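Architecture at a glance
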Amino acid sequence: MEKVILHCDLNSFYASVECLYNPAIRDKPVAVCGRADLRHGIVLTKNQIAKQYGVITGEAIWQARKKCPQLIIVNPNYPLYLRFAQEAREVYARYTDQIEAFGIDECWLDVTGSTGLFGSGEKMAQEIRERMKKELGVTVSVGVSYNKTFAKLGSDLKKPDAVTIISRENYQQIVWPLPVGELLYVGRSTKRKLENLAITTIGKLAASSPAYLKRILGKWGEVLWTFANGFDETPVSKAGFENAIKGIGNSMTTPRDLQSLQDAKILIYALSDSVAQRLRKHHLKGRTVQIYIRDNTLFSLERQAKLANATYASGPIAEKALTIFQDNYDWQKPIRSLGVRVTDLVTADSCIQLSFFDGQARQLKLEALERSMDEIRRRFGHYAVQRGVLLTDTPLNANPVEENVIHPVSFFR
């Protein structure tokens, strides 16, 4: 039986939610942007009115204002967006349990088994589109196809509030004339390489030799050739399916350049605290600590080192991250952003080899203490209890757990 895949993309999601909650700005150009005072001042999303002025996602606020002086800037409210995203998933769940997120505002649905109950994929797509407007007050574009790649492409072709069908019969007419950059996972660098070889459309990519593409792009060349020819057979995961988590980390572009070891220490402890909190949430411990450093010329480096024991306590993670930092950074330039990540993950209840000599008793006490801190923060907020070092510079004492940008999850399983 031919698969029936939908890709649902909530239109201008953050901006649509903000306009829904503030009727006074609905008929004005609106952009949801990161906070400029924290140097996160780029456009995250914009409404259709702002789009007509040429405002694009990813550009700086000053660039957007140059195109549209009357642009209304709104700071992001991620908890509100997450609530709407969950309500959207509840709409999708009326049609299937095979729902796979691709970021906060996009989902694939495999409705193959639901056609006997609800009709064709197009009929379900139209129903979902109407339900979103009626029940949530936002619009959605839906692509309908026989695989995930073309369904995603379909939802991008017509916006807002539209349904696009890409079938085996019409994909060559619809998909192949499109610029090669429209294909999933053809980024700027890959697009440039392909265009230098006169592969400017998806059709030309499909007609190329897989072996030739592999020589140029590595294994991705074969993958993209598969996508372009409509041979993608990647399954849609069921709701509740979790990827194997390989690492947990947080990074932050600082509100000011870091000039000293004390500045770096404050941010490392703030980031390590958030990473440890997320490890505990997922019931995981890690054995390896990685740091990411980017200076004010945008040069970056990554380094890592092993812990003596797997842990989800912030103290050992921060201490190791600080040691790695001191061993690898010479302060020739100030630092613009910093990241901490923990990998080599194991479940928190994994068996460990006990020792009389390496401080494991102290580590167990630290972990119990931080679990108690989680409960205090759950009841009274993140800043109810924190390390003293974080009080020495309030702007650097961020809460990356709540302020972290939400990125799409990987297409591949």
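What you see is a predicted model; the values in this text were computed from it and never measured.

1. Some thoughts on the side chain of Glu18
Assignment of secondary structure puts Glu18 in helix α1 (residues 13-21). With no salt bridge to any partner, buried Glu18 finds its closest opposite charge in Arg83, at an N-O distance of 11 Å. In terms of polar contacts, Glu18 uses its side chain to reach the side chain of Tyr81, at 2.6 Å. With sequence-adjacent residues up to four places away left out, Glu18 is seen in contact with Ile25, Val32, Val74, Asn75, Asn77 and Tyr81.

2. Notes on the packing of aromatic side chains
Given two aromatic rings, one states the distance between the centres and the angle between the planes to describe the pair. In total, this model carries 17 aromatic pairs according to the counting rule given. Look at Tyr14 and Tyr78: their rings are 5.9 Å apart centre to centre, the planes differ by 80°, and that puts the pair in the edge-to-face class. Placement of Tyr14 in helix α1 and of Tyr78 in helix α4 (residues 78-92) is noted, with a sequence separation of 64 residues between them. Each member of the pair Tyr14 and Tyr78 is classed as buried. The interplanar angle of 10° and the centroid separation of 4.3 Å between the aromatic rings of Tyr14 and Tyr81 together place this pair among those described as stacked. On the criterion of sequence distance, the pair formed by Tyr14 in helix α1 and Tyr81 in helix α4 is long-range, its members being 67 residues apart. For Tyr81, a relative accessible area of 0% corresponds to the buried category. Counting every residue linked through ring pairs, the aromatic cluster contains Phe13, Tyr14, Tyr78 and Tyr81.

3. Focus: the sheet that holds strand β4 (residues 72-74)
Within the open sheet, the 3 strands sit side by side as β3-β2-β4. Their pairing is mixed. The open sheet has two edge strands with one neighbour each: β3 (43-46) and β4. Taken over all neighbouring pairs, the strand axes of this sheet differ in orientation by 30° on average, direction set aside. Across 3 bridges, strand β2 (residues 30-33) lies against β4 in parallel orientation. Bridge pairing in β4 places Val30 opposite Ile72.

4. Regarding the pattern of salt bridges
Counting across every chain of the model gives 22 salt bridges. One salt bridge in this structure joins Asp161 and Lys133, with 3.0 Å as the shortest N-O distance. Of this pair, Asp161 sits in the loop between α7 (148-157) and β8 (163-165) while Lys133 sits in helix α6 (residues 121-136), and the two are 28 residues apart along the sequence. Residue classification places Asp161 among the partly exposed residues on the basis of a relative accessible area of 22%. The structure contains a network of salt bridges with shared partners spanning Asp9, Glu106, Lys152, Asp156 and Lys159.

5. Details of the pairing of strand β10 (residues 284-295)
Of all 12 residues that make up β10, 9 are buried, and the element is covered over most of its length. With 11 bridges joining them, β10 and strand β12 (residues 335-347) adopt antiparallel strand pairing. From the neighbouring strand, Ile291 faces β12, where its bridge partner is Val340. Judged from the 8 bridges that link them, β10 and strand β11 (residues 300-311) form a sheet pairing that is antiparallel. Within the sheet, the bridge partner assigned to Val289 lies in β11 and is Ala305. The antiparallel hairpin formed by β10 and β11 contains 4 residues in its connecting segment, where Leu298 sits at a positive phi of about 75°.

6. Quick notes on the packing of α1 against α4
Between α1 and α4, whose axes approach to 10 Å, the crossing angle comes to 100°. Considering the angle they form, α1 stands roughly perpendicular to α4. Mapping the contact onto sequence places Phe13, Tyr14, Val17, Glu18, Leu20 and Tyr21 in α1 and Tyr78, Leu80, Tyr81, Arg83, Phe84 and Ala85 in α4. Residue classes in the contact of α1 with α4 are distributed as 10 nonpolar, no polar and 2 charged.

7. What to know about the environment of Ala207
Mapped onto the elements of the fold, Ala207 is located in helix α10 (residues 202-207). For Ala207, a relative accessible area of 68% puts it in the exposed group. For the pair Ala207 and Ala228, spaced 21 residues apart in the sequence, the C-alpha separation amounts to 8.8 Å.

8. Thoughts on the confidence of the model for the protein
Residues at a pLDDT of 70 or more form 89% of the protein, whose mean pLDDT is 87. Taken as a whole, residues 403-413 scores under 50 in pLDDT and shows 36 contacts with residues more than four places along the chain or in a different chain.

9. Focus: the nonpolar core
Here is a general trend for soluble globular proteins: nonpolar side chains tend to be buried in one another's company. Leu6, Phe13, Tyr81, Tyr92, Leu109, Ile128 and Met132 are the most contacted members of the largest nonpolar core, which totals 37 residues. Where this core is concerned, the elements lending two or more residues are β1 (5-10), α1, β2, α4, β6 (106-110), α6 and β7 (140-145). Looking at this core, the element that brings in the most residues is α4, giving 8 residues. When neighbours within four sequence positions are excluded, Leu109 is seen to be in contact with Val4, Ile5, Leu6, Cys8, Tyr92, Thr96, Gln98, Ile99, Ile128 and Val236. By size, the runner-up hydrophobic cluster in this structure holds 35 residues, among which are Ile266, Val275, Leu284 and Ala321.

10. Quick look at the side chain of Arg280
Note on placement: Arg280 falls in helix α13 (residues 261-281). Those residues in contact with Arg280 that lie beyond four places of it in its chain are Tyr312, Ala313, Glu370, Arg371 and Asp374.

11. Points about the packing of α13 against helix α14 (residues 314-328)
Interaxial distance between α13 and α14 falls to 8 Å at its minimum, and their mutual angle equals 140°. One finds that α13 runs oblique with respect to α14. Along this stretch, α13 crosses α14, giving a crossing that reads as right-handed. Note on element contacts: α14 touches α13 through Ser314, Ile317, Ala318, Glu319, Ala321, Leu322, Phe325 and Gln326, opposite Leu261, Ala264, Lys265, Ile268, Tyr269, Ser272, Asp273, Ala276 and Leu279. A class-by-class count of the residues in the contact of α13 with α14 yields 11 nonpolar, 3 polar and 3 charged.

How each quantity is defined
- Residues numbered from 1 in each chain as written.
- Predicted model: local features only at pLDDT ≥ 70, side-chain atom pairs only at ≥ 80, totals over all residues.
- Heavy atoms only, no water.
- Helix = DSSP H or I, 4+ residues; strand = E, 2+ residues; numbered from the N terminus.
- Buried < 20%, exposed > 50% of the residue type's maximum accessible area, 1.4 Å probe, protein only.
- Lys, Arg positive; Asp, Glu negative; His and termini not counted.
- Salt bridge = Lys/Arg side-chain N within 4 Å of Asp/Glu carboxyl O.
- Polar contact = N/O pair within 3.5 Å; in protein donor to acceptor, adjacent residues only side chain to side chain.
- Contact = heavy atoms within 4.5 Å.
- Phe/Tyr/Trp six-rings, centres within 6.5 Å; stacked < 30°, edge-to-face > 60°.
- Pairing = 2+ DSSP bridges.
- Axes fitted to C-alpha atoms, helices over the stretch in contact; angles between N-to-C directions.
- Parallel < 35°, antiparallel > 145°, perpendicular 65-115°, else oblique.
- Nonpolar A, V, L, I, M, F, W, Y, C, P; charged D, E, K, R; others polar.
- pLDDT = per-residue confidence, 0-100.
- Core = buried A, V, L, I, M, F, W, Y, C linked by side-chain atoms within 4.5 Å.
- Left-handed = near helix turned anticlockwise from the far one by under 90°.

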